[in-house]
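An overview of the molecular structure
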Amino acid sequence: MIKAVGGVEILPKHKASCHCGAVELVLDLPDGIVNPRRCDCSICRRKGAIVASVRLAGIRVVKGADVLRIYQFNTNTAKHYFCSICGIYTHHQRRSNPEEYGFNVGCLEGVNPFDIPDVPTNDGINHPADRR
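Residues numbered from 1 in each chain as written. Predicted model: local features only at pLDDT ≥ 70, side-chain atom pairs only at ≥ 80, totals over all residues. Heavy atoms only, no water.

Examining the environment of Gly 7
Tracing the sequence through the fold places Gly 7 in the loop between strand 1 (4–5) and strand 2 (8–9). The exposed category is assigned to Gly 7, whose relative accessible area is 78%. Along the chain, Gly 7 and Gly 21 lie 14 residues apart, while their C-alpha atoms are 23 Å from each other. (Helix = DSSP H or I, 4+ residues; strand = E, 2+ residues; numbered from the N terminus. Buried < 20%, exposed > 50% of the residue type's maximum accessible area, 1.4 Å probe, protein only.)

Considering the sheet that holds strand 9 (residues 79–83)
The strand order 6-11-10-9-8 describes an open sheet built from five strands, whose pairing is antiparallel. Only two strands of the sheet have a single partner each, and these edge strands are strand 6 (51–55) and strand 8 (68–71). Taking the axes of each pair of neighbouring strands and ignoring which way they run, one obtains an average angle of 25° across the sheet. (Pairing = 2+ DSSP bridges. Axes fitted to C-alpha atoms, helices over the stretch in contact; angles between N-to-C directions.)

Quick look at the pairing of strand 3 (residues 13–17)
Residues of strand 3 alternate between two faces, with His 14 and Ala 16 buried on one and Lys 13, Lys 15 and Ser 17 left unburied on the opposite face. In terms of strand pairing, strand 3 meets strand 4 (residues 24–28) through five bridges, oriented antiparallel. Within the sheet, the bridge partner assigned to Lys 15 lies in strand 4 and is Val 26. The turn joining strand 3 and strand 4, which pair antiparallel and follow one another in sequence, is formed by six residues; a positive phi near 85° is taken by Gly 21.

Dropping the structure here:
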């Protein structure tokens with residue numbers, strides 16, 4: 001659990017946004033940032049984002065639902081959301097746990113994800129769902 005990043009406190013209800021501000025989210029983060037990670041699957045290695053997880057009910061789109069777009073590929077299980085104006089990935093419904101969203105830590109208000117040390121990389125190339 002990470003309760004502060006670079007001197008910025010992670011609030012229990014923390015705002016997040018895309019680059020242009022057209023999309024704004026409020027995330028329920030009572031325990032701070034939990035399990036930040038990178039992934040080396042084909043889409044994540046291209047986006048390069050550090051992600052953490054939150055329950056499906058833990059993200060509320062407060063602005064810009066009309067400009068959010070969804071990208072799906074491969075099994076079409078995961079839903080990757082991005083702003084159709086600036087292109088920034090904000091969050092995704094996870095393939096490995098469809099009851100959770102992964103969110104882009106870099107979209108959290110005031111947070112520089114480069115201030116999080118030692119972020120592990122998950123093996124997304126060999127996804128757990130592909131081993132069944």
